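Letter by letter, the chains look like this.
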Amino acid sequence: MMDLQAIRSDFPILADPEYIYFDNAATSQRPRQVLEAVEQFYKTTNANPLRGLYEWSIGATEAYENAREKVAAFIGAKGPTEIVFTRNATESINLVAYSWGLANVQEGDEIVVSVMEHHSNILPWQMVCKKTGAKLIFLECDKFGKIPEQEYTDKIGPKTKLVAITMVSNVFGIQNPIADIAKLAHANGALLMVDGAQAAPHTKVDVKALGADFFAFSGHKMLAPFGIGGLYAREELLDKMPPFLTGGEMIEYVTRQDATYAELPHKFEAGTVNAAGAVGLAAAIDYLNEIGFDFIEEQEKKITRILYEGMKDQKYITLFGSENPDEHSGIVTFNIEGCHPHDVSSVLDSEKVCVRAGHHCAQPLLQHLGVNATARASVYFYNTEQEAERFLESLSHVRSWLGYAD
Ligand code: PLP
(Lines give C-alpha, C1' and ligand atoms only; values in the text may rest on other atoms or scores of the structure.)
Protein backbone atom coordinates (compact mmCIF):
# COMPACT_ATOMS: atom_id res chain seq x y z
CA MET A 1 0.00 0.00 0.00
CA MET A 2 1.48 3.34 -1.08
CA ASP A 3 1.66 6.18 1.43
CA LEU A 4 0.19 9.17 -0.38
CA GLN A 5 1.58 11.69 2.10
CA ALA A 6 5.06 10.23 1.65
CA ILE A 7 4.62 10.50 -2.12
CA ARG A 8 3.49 14.11 -1.81
CA SER A 9 6.46 14.95 0.35
CA ASP A 10 8.68 14.03 -2.63
CA PHE A 11 7.24 17.02 -4.53
CA PRO A 12 8.62 20.28 -3.13
CA ILE A 13 6.01 22.42 -4.87
CA LEU A 14 3.19 20.50 -3.19
CA ALA A 15 4.45 21.44 0.27
CA ASP A 16 2.04 24.39 0.48
CA PRO A 17 -1.33 22.76 1.24
CA GLU A 18 -3.20 25.89 0.15
CA TYR A 19 -2.59 25.16 -3.53
CA ILE A 20 -4.49 22.55 -5.48
CA TYR A 21 -2.77 21.66 -8.73
CA PHE A 22 -5.34 20.21 -11.11
CA ASP A 23 -3.60 21.08 -14.39
CA ASN A 24 -1.58 17.91 -14.72
CA ALA A 25 -2.61 17.26 -18.32
CA ALA A 26 -0.75 20.47 -19.22
CA THR A 27 2.36 19.56 -17.27
CA SER A 28 3.06 17.46 -14.18
CA GLN A 29 4.96 18.47 -11.07
CA ARG A 30 8.48 17.11 -10.46
CA PRO A 31 9.66 15.04 -7.49
CA ARG A 32 12.94 15.88 -5.78
CA GLN A 33 14.41 12.62 -7.15
CA VAL A 34 14.16 14.12 -10.66
CA LEU A 35 15.36 17.58 -9.59
CA GLU A 36 18.30 16.03 -7.74
CA ALA A 37 19.26 13.78 -10.66
CA VAL A 38 19.47 16.82 -12.94
CA GLU A 39 21.40 18.84 -10.37
CA GLN A 40 23.74 15.94 -9.74
CA PHE A 41 24.41 15.59 -13.46
CA TYR A 42 25.40 19.24 -13.75
CA LYS A 43 27.45 19.10 -10.55
CA THR A 44 29.40 15.94 -11.32
CA THR A 45 29.21 14.83 -14.95
CA ASN A 46 28.49 17.86 -17.10
CA ALA A 47 30.29 18.07 -20.44
CA ASN A 48 29.13 17.96 -24.03
CA PRO A 49 28.03 14.34 -24.56
CA LEU A 50 28.88 12.23 -27.62
CA ARG A 51 31.91 14.40 -28.44
CA GLY A 52 34.66 14.55 -25.83
CA LEU A 53 37.18 11.78 -25.25
CA TYR A 54 37.69 12.64 -21.61
CA GLU A 55 36.06 11.28 -18.46
CA TRP A 56 33.31 13.86 -17.97
CA SER A 57 32.15 13.81 -21.57
CA ILE A 58 32.22 10.02 -21.60
CA GLY A 59 30.21 10.06 -18.35
CA ALA A 60 27.69 12.44 -19.90
CA THR A 61 27.40 10.17 -22.95
CA GLU A 62 26.85 7.13 -20.73
CA ALA A 63 24.19 8.92 -18.69
CA TYR A 64 22.43 10.00 -21.88
CA GLU A 65 22.53 6.54 -23.47
CA ASN A 66 21.48 4.81 -20.23
CA ALA A 67 18.44 7.09 -20.22
CA ARG A 68 17.63 5.93 -23.75
CA GLU A 69 17.74 2.30 -22.63
CA LYS A 70 15.43 3.13 -19.76
CA VAL A 71 12.93 4.79 -22.11
CA ALA A 72 13.06 1.80 -24.47
CA ALA A 73 12.27 -0.62 -21.64
CA PHE A 74 9.59 1.70 -20.23
CA ILE A 75 7.51 1.68 -23.42
CA GLY A 76 8.39 -1.80 -24.67
CA ALA A 77 10.64 -0.91 -27.62
CA LYS A 78 13.04 -3.57 -28.98
CA GLY A 79 15.98 -1.51 -27.79
CA PRO A 80 17.59 1.93 -27.67
CA THR A 81 18.01 2.14 -31.46
CA GLU A 82 14.24 2.59 -31.67
CA ILE A 83 14.20 5.65 -29.38
CA VAL A 84 14.96 9.16 -30.63
CA PHE A 85 15.19 11.91 -28.04
CA THR A 86 13.31 15.06 -28.98
CA ARG A 87 12.12 18.16 -27.13
CA ASN A 88 8.54 16.94 -26.75
CA ALA A 89 5.67 15.06 -28.41
CA THR A 90 5.18 17.93 -30.86
CA GLU A 91 8.71 17.63 -32.16
CA SER A 92 8.42 13.83 -32.34
CA ILE A 93 5.31 14.04 -34.52
CA ASN A 94 6.90 16.73 -36.70
CA LEU A 95 9.94 14.50 -37.13
CA VAL A 96 7.73 11.73 -38.53
CA ALA A 97 5.78 14.17 -40.72
CA TYR A 98 8.83 15.87 -42.25
CA SER A 99 10.97 12.76 -42.53
CA TRP A 100 8.68 9.79 -43.18
CA GLY A 101 5.68 11.80 -44.39
CA LEU A 102 7.32 13.90 -47.08
CA ALA A 103 9.30 10.90 -48.36
CA ASN A 104 6.39 8.45 -48.50
CA VAL A 105 3.06 10.23 -48.89
CA GLN A 106 1.84 11.05 -52.39
CA GLU A 107 -1.09 12.63 -54.15
CA GLY A 108 -4.10 10.32 -53.90
CA ASP A 109 -3.04 8.98 -50.50
CA GLU A 110 -5.06 9.60 -47.36
CA ILE A 111 -3.90 10.41 -43.85
CA VAL A 112 -6.51 9.61 -41.22
CA VAL A 113 -6.60 11.55 -37.95
CA SER A 114 -9.40 11.93 -35.39
CA VAL A 115 -11.34 15.05 -34.56
CA MET A 116 -10.12 14.85 -30.95
CA GLU A 117 -6.44 15.32 -31.85
CA HIS A 118 -4.30 17.95 -30.17
CA HIS A 119 -3.11 20.50 -32.76
CA SER A 120 0.30 18.78 -32.54
CA ASN A 121 -1.17 15.76 -34.26
CA ILE A 122 -3.15 17.74 -36.88
CA LEU A 123 -0.92 20.55 -38.14
CA PRO A 124 2.04 18.33 -39.16
CA TRP A 125 -0.37 16.22 -41.25
CA GLN A 126 -2.01 19.31 -42.74
CA MET A 127 1.49 20.33 -43.81
CA VAL A 128 2.21 16.92 -45.38
CA CYS A 129 -1.14 16.96 -47.21
CA LYS A 130 -0.60 20.50 -48.51
CA LYS A 131 2.88 19.66 -49.77
CA THR A 132 2.02 16.29 -51.33
CA GLY A 133 -1.60 16.62 -52.44
CA ALA A 134 -2.73 13.85 -50.08
CA LYS A 135 -6.09 14.14 -48.33
CA LEU A 136 -6.60 14.59 -44.59
CA ILE A 137 -9.56 12.52 -43.34
CA PHE A 138 -11.16 12.97 -39.90
CA LEU A 139 -12.66 10.26 -37.72
CA GLU A 140 -15.61 11.82 -35.87
CA CYS A 141 -16.51 11.07 -32.28
CA ASP A 142 -19.84 11.10 -30.45
CA LYS A 143 -20.61 13.46 -27.57
CA PHE A 144 -19.14 10.98 -25.08
CA GLY A 145 -15.80 11.12 -26.89
CA LYS A 146 -16.13 7.64 -28.41
CA ILE A 147 -15.23 7.07 -32.05
CA PRO A 148 -17.82 4.60 -33.36
CA GLU A 149 -16.31 1.45 -34.87
CA GLN A 150 -18.01 2.25 -38.17
CA GLU A 151 -15.90 5.42 -38.45
CA TYR A 152 -12.73 3.32 -38.48
CA THR A 153 -14.02 0.71 -40.86
CA ASP A 154 -15.50 3.32 -43.23
CA LYS A 155 -12.55 5.69 -43.29
CA ILE A 156 -9.47 3.47 -43.02
CA GLY A 157 -9.04 1.76 -46.39
CA PRO A 158 -6.65 1.00 -49.24
CA LYS A 159 -5.90 4.70 -49.84
CA THR A 160 -4.86 5.19 -46.21
CA LYS A 161 -1.12 5.71 -45.86
CA LEU A 162 -1.08 6.63 -42.19
CA VAL A 163 -3.45 6.71 -39.24
CA ALA A 164 -2.34 9.32 -36.70
CA ILE A 165 -4.35 9.16 -33.50
CA THR A 166 -4.06 9.99 -29.84
CA MET A 167 -4.05 7.14 -27.34
CA VAL A 168 -5.71 9.34 -24.70
CA SER A 169 -7.62 12.54 -25.49
CA ASN A 170 -6.45 15.65 -23.64
CA VAL A 171 -10.07 16.91 -23.53
CA PHE A 172 -12.16 13.79 -22.80
CA GLY A 173 -9.48 11.62 -21.21
CA ILE A 174 -10.92 8.75 -23.19
CA GLN A 175 -8.59 5.98 -24.34
CA ASN A 176 -8.88 5.00 -28.00
CA PRO A 177 -8.69 1.30 -29.01
CA ILE A 178 -5.17 1.56 -30.40
CA ALA A 179 -4.48 -2.16 -30.87
CA ASP A 180 -7.67 -2.57 -32.96
CA ILE A 181 -6.87 0.52 -35.03
CA ALA A 182 -3.34 -0.81 -35.60
CA LYS A 183 -4.73 -4.07 -36.99
CA LEU A 184 -7.08 -2.22 -39.33
CA ALA A 185 -4.36 0.19 -40.48
CA HIS A 186 -1.89 -2.62 -41.11
CA ALA A 187 -4.47 -4.75 -42.94
CA ASN A 188 -4.79 -1.82 -45.34
CA GLY A 189 -1.04 -1.39 -45.74
CA ALA A 190 -0.99 1.80 -43.65
CA LEU A 191 1.20 2.76 -40.70
CA LEU A 192 0.04 3.90 -37.25
CA MET A 193 1.36 6.99 -35.47
CA VAL A 194 0.24 7.13 -31.84
CA ASP A 195 0.26 10.40 -29.91
CA GLY A 196 1.09 9.11 -26.45
CA ALA A 197 1.47 12.48 -24.70
CA GLN A 198 -1.50 11.86 -22.38
CA ALA A 199 -1.04 8.10 -22.18
CA ALA A 200 2.57 7.49 -21.16
CA PRO A 201 2.22 9.36 -17.82
CA HIS A 202 -0.89 7.46 -16.74
CA THR A 203 -0.92 3.91 -18.05
CA LYS A 204 1.52 1.16 -18.93
CA VAL A 205 2.48 1.47 -22.57
CA ASP A 206 3.79 -1.40 -24.66
CA VAL A 207 4.36 -0.11 -28.18
CA LYS A 208 4.82 -3.60 -29.62
CA ALA A 209 1.63 -4.97 -28.05
CA LEU A 210 -0.23 -1.87 -29.28
CA GLY A 211 1.09 -2.36 -32.81
CA ALA A 212 2.29 1.25 -33.00
CA ASP A 213 4.74 2.08 -35.78
CA PHE A 214 5.46 5.48 -34.22
CA PHE A 215 4.77 6.62 -30.66
CA ALA A 216 5.38 10.17 -29.41
CA PHE A 217 5.54 11.41 -25.81
CA SER A 218 6.64 14.40 -23.70
CA GLY A 219 8.75 14.05 -20.56
CA HIS A 220 7.27 17.09 -18.83
CA LYS A 221 3.85 15.44 -18.50
CA MET A 222 5.40 12.46 -16.69
CA LEU A 223 7.55 14.09 -13.97
CA ALA A 224 10.60 14.84 -16.15
CA PRO A 225 12.07 18.28 -16.94
CA PHE A 226 10.80 20.49 -19.74
CA GLY A 227 12.58 20.11 -23.07
CA ILE A 228 12.94 16.33 -23.24
CA GLY A 229 10.60 13.93 -25.01
CA GLY A 230 10.83 10.98 -27.28
CA LEU A 231 9.83 9.21 -30.41
CA TYR A 232 9.59 5.45 -30.70
CA ALA A 233 9.73 4.16 -34.25
CA ARG A 234 10.24 0.65 -35.57
CA GLU A 235 13.89 0.27 -36.48
CA GLU A 236 13.19 -0.76 -40.11
CA LEU A 237 11.27 2.49 -40.57
CA LEU A 238 13.85 4.72 -38.90
CA ASP A 239 16.55 3.09 -40.97
CA LYS A 240 14.92 4.14 -44.23
CA MET A 241 13.82 7.59 -43.10
CA PRO A 242 15.91 10.63 -44.10
CA PRO A 243 17.13 12.90 -41.30
CA PHE A 244 14.75 15.60 -40.07
CA LEU A 245 17.31 18.13 -38.81
CA THR A 246 20.90 18.17 -40.00
CA GLY A 247 24.15 19.41 -38.46
CA GLY A 248 26.60 18.27 -35.81
CA GLU A 249 26.67 14.77 -34.35
CA MET A 250 24.18 13.23 -36.77
CA ILE A 251 26.84 12.52 -39.39
CA GLU A 252 29.25 9.76 -40.26
CA TYR A 253 31.38 11.71 -42.77
CA VAL A 254 31.03 15.13 -44.38
CA THR A 255 32.60 16.44 -47.58
CA ARG A 256 32.09 19.88 -49.13
CA GLN A 257 29.05 18.82 -51.11
CA ASP A 258 27.71 15.79 -49.31
CA ALA A 259 27.44 13.80 -46.12
CA THR A 260 26.72 10.32 -44.85
CA TYR A 261 24.78 9.91 -41.66
CA ALA A 262 25.38 8.41 -38.24
CA GLU A 263 23.91 5.11 -37.07
CA LEU A 264 20.48 4.98 -35.46
CA PRO A 265 19.23 6.73 -33.54
CA HIS A 266 21.85 9.50 -33.73
CA LYS A 267 20.96 10.23 -37.35
CA PHE A 268 17.90 11.97 -35.92
CA GLU A 269 19.58 13.93 -33.12
CA ALA A 270 21.34 16.91 -34.71
CA GLY A 271 23.25 19.35 -32.50
CA THR A 272 24.07 19.24 -28.81
CA VAL A 273 21.58 17.00 -27.06
CA ASN A 274 19.65 17.59 -23.84
CA ALA A 275 21.61 15.14 -21.70
CA ALA A 276 20.47 16.65 -18.38
CA GLY A 277 16.87 16.38 -19.56
CA ALA A 278 17.40 12.73 -20.48
CA VAL A 279 18.92 12.07 -17.05
CA GLY A 280 15.86 13.71 -15.48
CA LEU A 281 13.59 11.58 -17.66
CA ALA A 282 15.40 8.43 -16.55
CA ALA A 283 14.88 9.45 -12.91
CA ALA A 284 11.20 10.14 -13.65
CA ILE A 285 10.82 6.66 -15.16
CA ASP A 286 12.47 5.11 -12.09
CA TYR A 287 10.03 7.04 -9.92
CA LEU A 288 6.96 5.99 -11.95
CA ASN A 289 8.13 2.37 -11.97
CA GLU A 290 8.52 2.44 -8.22
CA ILE A 291 5.05 3.90 -7.68
CA GLY A 292 3.63 1.49 -10.27
CA PHE A 293 0.85 2.05 -12.76
CA ASP A 294 -1.62 0.00 -10.67
CA PHE A 295 -1.44 2.62 -7.94
CA ILE A 296 -1.31 5.52 -10.41
CA GLU A 297 -4.46 4.41 -12.22
CA GLU A 298 -6.36 3.54 -9.03
CA GLN A 299 -5.54 6.85 -7.36
CA GLU A 300 -6.48 8.86 -10.45
CA LYS A 301 -9.76 6.97 -10.72
CA LYS A 302 -10.54 7.59 -7.06
CA ILE A 303 -10.08 11.35 -7.42
CA THR A 304 -11.82 11.52 -10.80
CA ARG A 305 -14.88 9.71 -9.41
CA ILE A 306 -15.19 12.29 -6.62
CA LEU A 307 -14.91 15.15 -9.09
CA TYR A 308 -17.28 13.61 -11.62
CA GLU A 309 -19.92 12.53 -9.09
CA GLY A 310 -19.73 15.92 -7.39
CA MET A 311 -20.30 17.79 -10.64
CA LYS A 312 -22.62 15.60 -12.68
CA ASP A 313 -25.94 16.61 -11.11
CA GLN A 314 -25.09 20.27 -10.57
CA LYS A 315 -27.72 22.45 -12.22
CA TYR A 316 -25.35 24.74 -14.16
CA ILE A 317 -22.51 22.36 -14.96
CA THR A 318 -22.04 20.59 -18.30
CA LEU A 319 -19.55 17.73 -18.31
CA PHE A 320 -17.86 16.49 -21.46
CA GLY A 321 -16.88 12.94 -22.35
CA SER A 322 -17.88 9.53 -21.08
CA GLU A 323 -20.51 9.18 -18.35
CA ASN A 324 -18.21 6.65 -16.70
CA PRO A 325 -15.57 8.56 -14.69
CA ASP A 326 -13.25 5.56 -14.95
CA GLU A 327 -12.92 6.33 -18.67
CA HIS A 328 -11.50 9.83 -18.09
CA SER A 329 -7.81 9.11 -17.37
CA GLY A 330 -7.96 11.77 -14.66
CA ILE A 331 -9.39 14.48 -16.94
CA VAL A 332 -12.69 16.25 -16.21
CA THR A 333 -13.65 18.86 -18.79
CA PHE A 334 -16.63 21.07 -18.00
CA ASN A 335 -18.43 24.34 -18.45
CA ILE A 336 -20.55 26.36 -16.05
CA GLU A 337 -23.58 28.02 -17.60
CA GLY A 338 -23.19 31.77 -17.98
CA CYS A 339 -19.50 31.76 -17.00
CA HIS A 340 -16.63 31.99 -19.46
CA PRO A 341 -14.08 29.24 -18.71
CA HIS A 342 -11.38 31.91 -18.32
CA ASP A 343 -13.49 33.51 -15.56
CA VAL A 344 -14.04 30.08 -13.99
CA SER A 345 -10.29 29.55 -13.94
CA SER A 346 -9.65 33.03 -12.50
CA VAL A 347 -12.20 32.56 -9.72
CA LEU A 348 -10.70 29.18 -8.89
CA ASP A 349 -7.25 30.76 -8.95
CA SER A 350 -8.40 33.28 -6.34
CA GLU A 351 -8.92 30.21 -4.11
CA LYS A 352 -5.54 28.80 -5.19
CA VAL A 353 -6.99 26.10 -7.40
CA CYS A 354 -5.14 25.62 -10.72
CA VAL A 355 -7.12 24.40 -13.72
CA ARG A 356 -6.79 24.93 -17.48
CA ALA A 357 -9.29 26.99 -19.45
CA GLY A 358 -9.46 27.59 -23.18
CA HIS A 359 -9.46 25.48 -26.32
CA HIS A 360 -6.84 22.98 -25.06
CA CYS A 361 -5.09 23.10 -28.46
CA ALA A 362 -8.02 21.08 -29.81
CA GLN A 363 -10.03 23.64 -31.75
CA PRO A 364 -11.47 21.20 -34.32
CA LEU A 365 -12.84 19.14 -31.41
CA LEU A 366 -14.35 22.17 -29.70
CA GLN A 367 -15.93 23.22 -33.02
CA HIS A 368 -17.34 19.67 -33.26
CA LEU A 369 -18.76 20.02 -29.73
CA GLY A 370 -20.15 23.49 -30.51
CA VAL A 371 -18.20 25.38 -27.83
CA ASN A 372 -15.36 27.92 -28.00
CA ALA A 373 -13.71 27.01 -24.74
CA THR A 374 -14.05 24.80 -21.68
CA ALA A 375 -12.47 24.47 -18.26
CA ARG A 376 -10.50 21.34 -17.46
CA ALA A 377 -9.42 19.79 -14.18
CA SER A 378 -6.80 17.07 -14.58
CA VAL A 379 -5.35 15.02 -11.77
CA TYR A 380 -2.27 12.91 -11.19
CA PHE A 381 -1.47 10.20 -8.66
CA TYR A 382 -0.29 12.70 -6.03
CA ASN A 383 -3.66 14.47 -5.79
CA THR A 384 -5.82 13.69 -2.77
CA GLU A 385 -9.49 13.13 -1.98
CA GLN A 386 -9.41 16.23 0.24
CA GLU A 387 -8.22 18.29 -2.72
CA ALA A 388 -11.09 16.95 -4.81
CA GLU A 389 -13.59 17.92 -2.09
CA ARG A 390 -12.07 21.38 -1.75
CA PHE A 391 -12.12 21.82 -5.51
CA LEU A 392 -15.87 21.07 -5.51
CA GLU A 393 -16.36 23.60 -2.72
CA SER A 394 -14.46 26.26 -4.70
CA LEU A 395 -16.43 25.41 -7.80
CA SER A 396 -19.67 26.04 -5.94
CA HIS A 397 -18.53 29.65 -5.35
CA VAL A 398 -17.91 30.46 -9.02
CA ARG A 399 -21.37 31.63 -10.08
CA SER A 400 -21.87 33.83 -7.04
CA TRP A 401 -18.38 35.35 -7.54
CA LEU A 402 -19.49 36.22 -11.06
CA GLY A 403 -22.67 37.93 -9.86
CA TYR A 404 -25.31 35.20 -10.16
CA ALA A 405 -27.85 34.90 -7.37
CA ASP A 406 -27.80 31.07 -7.35
N1 PLP B 1 -0.74 15.56 -27.71
C2 PLP B 1 -1.57 15.63 -26.67
C3 PLP B 1 -2.71 14.68 -26.57
C4 PLP B 1 -1.36 16.61 -25.69
O5 PLP B 1 -2.19 16.69 -24.66
C6 PLP B 1 -0.26 17.48 -25.81
C7 PLP B 1 -0.04 18.55 -24.83
O8 PLP B 1 -0.90 18.95 -24.09
C9 PLP B 1 0.57 17.34 -26.91
C10 PLP B 1 0.31 16.38 -27.85
C11 PLP B 1 1.74 18.24 -27.12
O12 PLP B 1 2.64 18.09 -26.09
P13 PLP B 1 3.94 19.04 -26.07
O14 PLP B 1 3.41 20.44 -26.02
O15 PLP B 1 4.64 18.63 -24.83
O16 PLP B 1 4.68 18.76 -27.30
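Refer to the structure above for everything that follows.
Residues numbered from 1 in each chain as written. Predicted model: local features only at pLDDT ≥ 70, side-chain atom pairs only at ≥ 80, totals over all residues. Heavy atoms only, no water.

A.B. asks: Mind laying out unusual backbone geometry, listing which residues take part and the relevant values?
C.D. replies: Omega for the peptide link from Leu264 to Pro265 comes to 0°, which places this bond in the cis form. Mapped onto the elements, Pro265 comes out in the loop between strand S10 (259–261) and helix H10 (275–291). You will see that Leu223, though not glycine, has its phi angle at about 80°, which is positive. You can see Leu223 is positioned in the loop between strand S7 (214–218) and strand S8 (229–233). (Helix = DSSP H or I, 4+ residues; strand = E, 2+ residues; numbered from the N terminus.)

A.B. asks: Let's hear about the environment of Phe334: which residues, and what values?
C.D. replies: Secondary-structure assignment places Phe334 in strand S12 (residues 331–336). Taking the relative accessible area as the measure of exposure, Phe334 reaches 0% and is therefore buried. When the C-alpha positions of Phe334 and Arg376 are compared, they lie 6.2 Å apart, and in sequence the two are 42 residues distant. (Buried < 20%, exposed > 50% of the residue type's maximum accessible area, 1.4 Å probe, protein only.)

A.B. asks: Which residues make up the site of the ligand, and what values do they have?
C.D. replies: Neighbouring the ligand are 13 residues; Thr90, Asp195, Ser218, His220 and Lys221 lie closest to it. Between the ligand and the protein, one listed contact pairs an oxygen atom with a side-chain N or O atom of Thr90 at 2.5 Å. In the environment of the ligand, an oxygen atom lies 3.5 Å from a nitrogen or oxygen atom belonging to the side chain of His118. A total of 390 Å² of accessible area belongs to the ligand in isolation, and the protein chains cover 88% of it. Looking at side-chain class alone, the shell around the ligand contains two nonpolar, nine polar and two charged residues. (Near = heavy atom within 4 Å. Polar contact = N/O pair within 3.5 Å; in protein donor to acceptor, adjacent residues only side chain to side chain. Areas by Shrake-Rupley, 256 points an atom, 1.4 Å probe, with all protein chains shown as cover. Nonpolar A, V, L, I, M, F, W, Y, C, P; charged D, E, K, R; others polar.)

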